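An overview of the molecular structure
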Amino acid sequence: MKKIILSAFVGILLTACGSDNDSKPTPPAANVIDVRNPADVQKLGQSYELLLHIKKATHAASGETDRLATNAVIFSKPIPTVNPTFAQHHGVPLLNMKMQGAMTVELMATAVVNNVEYELTNFDIFYQPTSAWNEPDLSIYKVENDINNVTFWKRGTSFDFNSSLLNDHDKIDMENGLPLNIYVKLGNKLSNGIQMYGEQPEYIQYKSVRPFNDNGNLCGKPRHLSDFAQLQCVDIEGSSVSILVENNSTPERQANADRVTKTVEFFLQHFSSRIASEISYNDAAMIFFDDLDFDNRLAGEYANAHLRYQDLGNNETNPTNPNQRDASYEEIIHFIHDYGLMSAAMNSPGSKWHKMQLELDRLTLQSILLGNYFPNGKDPHVQDPGLDAESYDQEYLAYAMYAYYDINPAGYSAQEFGSNTYSELQVNEPEMVVFFETYFPTRAEFAAFRASL
């Protein structure tokens, strides 16, 4: 189960429509088209394709650093297919960008003709009005296939995604699941779409109520934690990561909580102190609830009001039952990915973690297109998709990790993912095997750790 509150602090990220720079043409400096100059536009002819990118995303200077979670997903152009899956029909995400706080987005638009790319200047931004949504079908492709379904928003290449925009219900209505879709329009052409999500947490002034100490984490000087039975801390080279335990009243609950802490520590020790530092900086906690019906209990109410966290229920993990899928590894990797790995990737363009996230984005898209990964199932017209596109890469990583380490129960089969064992992953997605070999603990290291629990 994934919490909606997001927490990756975004520095500067130069993107290539969600892929490495080598995967798209590089425009010569002279290839610039002023869209307000008819003579320039005529150079493109009629067979060009418009592409919309996010050039840079930074914290908006609005003072909303702690009160707003924002997310940007860049989608591919529509993929012609006779029988599309849900992801293909609703939009294949090329890149996923997260921020805790208001986001200033700087856009870049290009036109491609015969593999030559032209940078566009003085372009206009269009959006899909919320009145144009056709519930329950939230397909971004339907907009991209209907140029008349977009409305002029503004001239310029940047905008702030902030609380004021969230209150503009013509453009976005998150209460009813209607994110902001933006495009560039030129002549009779419409670009791919970028979809923006946003959420304001239940608390109004996070800084005034947060229980964290001056070092930015719960460990060390815990306060206001009486609703939890226990606080455990994972210390990695100067950074402390918090695991909160709602109930440790039985030996089984305590043993499971200890397993969670040891598993968090195992992965963080592999990923280096940088990732633990990012999680601590993001004020994030792993919470081990008694079960997943925690919202109306004291611990859940407190967590929802004050914390950024990843939840795991005691009823989701049962190491002694070989027929039950142990969800603890999935939720722990969500925790480390969302608050640590993604944060490091966004804060350090060109770093190992940045390259890792771009590669994960590419492999997620590839798996969807190959028919190996169905984030919301195979039915393109499913009434309740359940999983937003911003979570596709996180869930793909978890499914593939279970296959890589062979930790699914014998005979287990997920309808969303076609590889449930290491052998199947080797055949179906060999590049994902290389991904794990490059960035994750080895299979032997994981097997030894699991045997030690």
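Residues numbered from 1 in each chain as written. Predicted model: local features only at pLDDT ≥ 70, side-chain atom pairs only at ≥ 80, totals over all residues. Heavy atoms only, no water.

**As for the overall build of the protein chain**
- Along its length, the protein chain carries 14 helices and 16 strands.
- Classification of the 453 residues of the protein chain by burial places 58% in the buried group.
- Long-range pairs, those at least 24 residues apart, make up 74% of the contacts in the protein chain between residues at least 6 apart in sequence.
- Accessible surface, the protein chain: about 18,600 Å² in total, of which carbon and sulfur atoms supply 47%. (Helix = DSSP H or I, 4+ residues; strand = E, 2+ residues; numbered from the N terminus. Buried < 20%, exposed > 50% of the residue type's maximum accessible area, 1.4 Å probe, protein only. Contact = heavy atoms within 4.5 Å. Areas by Shrake-Rupley, 256 points an atom, 1.4 Å probe, with all protein chains shown as cover.)

**Regarding the pattern of salt bridges**
- Enumeration over the complete set of coordinates arrives at 15 salt bridges.
- In this structure, Lys-98 engages Asp-338 in a salt bridge whose closest nitrogen and oxygen atoms are separated by 3.4 Å. One end of the pair, Lys-98, is in strand 4 (residues 93-100); the other, Asp-338, is in helix 9 (residues 328-347), with 240 residues separating them in the sequence. Accessibility assignment for this pair places Lys-98 and Asp-338 in one class, buried.
- Here Arg-253 ties to Asp-290 by a salt bridge, and the two come within 2.5 Å at their closest N and O atoms. Of the two residues, Arg-253 sits in helix 6 (residues 251-271) while Asp-290 sits in the loop between strand 15 (284-289) and helix 8 (298-306), which places them 37 residues apart along the sequence.
- Overlapping salt bridges bring together Lys-98, Asp-338 and Glu-390 as one network. (Salt bridge = Lys/Arg side-chain N within 4 Å of Asp/Glu carboxyl O.)

**Observations regarding the sheet that holds strand 15**
- If you walk across this open sheet you meet the four strands as 13-14-15-16, and the pairing is mixed. With one partner strand each, in any of the chains shown, strand 13 (230-236) and strand 16 (308-313) form the two edges of the open sheet. Between one strand axis and the next, the sheet turns by 25° as a mean value, whatever way the strands run.
- Relative to strand 15, strand 14 (residues 239-245) runs parallel, the two sharing four bridges. Across the sheet, Val-245 pairs through a bridge with Phe-288, a residue of strand 15. (Pairing = 2+ DSSP bridges. Axes fitted to C-alpha atoms, helices over the stretch in contact; angles between N-to-C directions.)

**Here we look at the packing of aromatic side chains**
- As enumerated under the stated definition, the model contains 32 aromatic pairs in all.
- Note on Phe-126 and Phe-152: the rings are 5.9 Å apart at their centroids and 80° apart in plane angle, and the pair reads as edge-to-face. A residue pair is termed long-range when its members are at least 10 positions apart, and Phe-126 in strand 7 (residues 124-127) and Phe-152 in strand 8 (residues 151-155) qualify at 26 residues.
- Judged by its relative accessible area of 10%, Phe-126 is buried.
- Plain terms: the ring middles of Tyr-404 and Tyr-422 are 5.7 Å apart, the flat faces sit at 75° to each other, and that makes the pair edge-to-face. Remark: Tyr-422 occurs in helix 12 (residues 422-428) and Tyr-404 occurs in helix 11 (residues 392-404); sequence separation between them is 18 residues. An identical accessibility class is assigned to Tyr-404 and Tyr-422; each is buried.
- Across from the ring centre of Trp-153, 5.9 Å away, lies the NZ or CZ of Lys-154, which sits over that ring.
- The ring of Tyr-422 carries the charged tip of Arg-443 above its face, separated from the ring centre by 3.7 Å. (Phe/Tyr/Trp six-rings, centres within 6.5 Å; stacked < 30°, edge-to-face > 60°. Lys NZ or Arg CZ within 6 Å of the ring centre and 35° of its normal.)

**Comments concerning the packing of helix 6 against helix 9**
- Close contact between helix 6 and helix 9 brings their axes to 10 Å; oriented N to C, the two are set at 45°. In terms of orientation, helix 6 lies oblique with respect to helix 9. The handedness of the crossing between helix 6 and helix 9 is right-handed. The residues of helix 9 that touch helix 6, namely those facing Arg-259, Val-260, Thr-263, Val-264, Phe-267, Leu-268 and Phe-271, are Ser-328, Tyr-329, Ile-332, Ile-333, Ile-336 and Leu-341.
- Looking at the contact of helix 6 with helix 9 residue by residue, the class counts come to 10 nonpolar, two polar and one charged. (Parallel < 35°, antiparallel > 145°, perpendicular 65-115°, else oblique. Left-handed = near helix turned anticlockwise from the far one by under 90°. Nonpolar A, V, L, I, M, F, W, Y, C, P; charged D, E, K, R; others polar.)

**Observations concerning the packing of helix 10 (residues 352-370) against helix 13 (residues 430-439)**
- The interhelical angle for the contact between helix 10 and helix 13, taken along N-to-C directions, is 160°, at an axis separation of 11 Å. On the basis of the axis angle, helix 10 is roughly antiparallel to helix 13. Helix-helix and strand crossings are classified by hand; for helix 10 and helix 13 the assignment is left-handed. Contact residues: helix 10 offers Lys-352, Lys-355, Met-356, Glu-359, Leu-360, Arg-362, Leu-363 and Gln-366, while helix 13 offers Glu-431, Met-432, Phe-435 and Tyr-439.
- Considering only residue class, the contact of helix 10 with helix 13 consists of six nonpolar, one polar and five charged.

**Notes on the environment of Gln-195**
- Residue position: Gln-195 is located in strand 12 (residues 194-199).
- Looking at Gln-195, the relative accessible area reads 5%, which means it is buried.
- Between the C-alpha atom of Gln-195 and that of Ile-140, which follows or precedes it by 55 residues, the distance is 8.3 Å.
- When sequence neighbours within four positions are dropped, the list of residues in contact with Gln-195 reads Asn-71, Ala-72, Val-73, Phe-75, Trp-133, Ile-140, Pro-179, Leu-180 and Asn-181.

**Notes on the confidence of the model for the protein chain**
- Of all residues in the protein chain, 85% attain a pLDDT of 70 or more, and the chain-wide mean is 84.
- The model gives residues 1-23 a pLDDT under 50, and that stretch makes 91 contacts with residues more than four places away or in other chains. (pLDDT = per-residue confidence, 0-100.)

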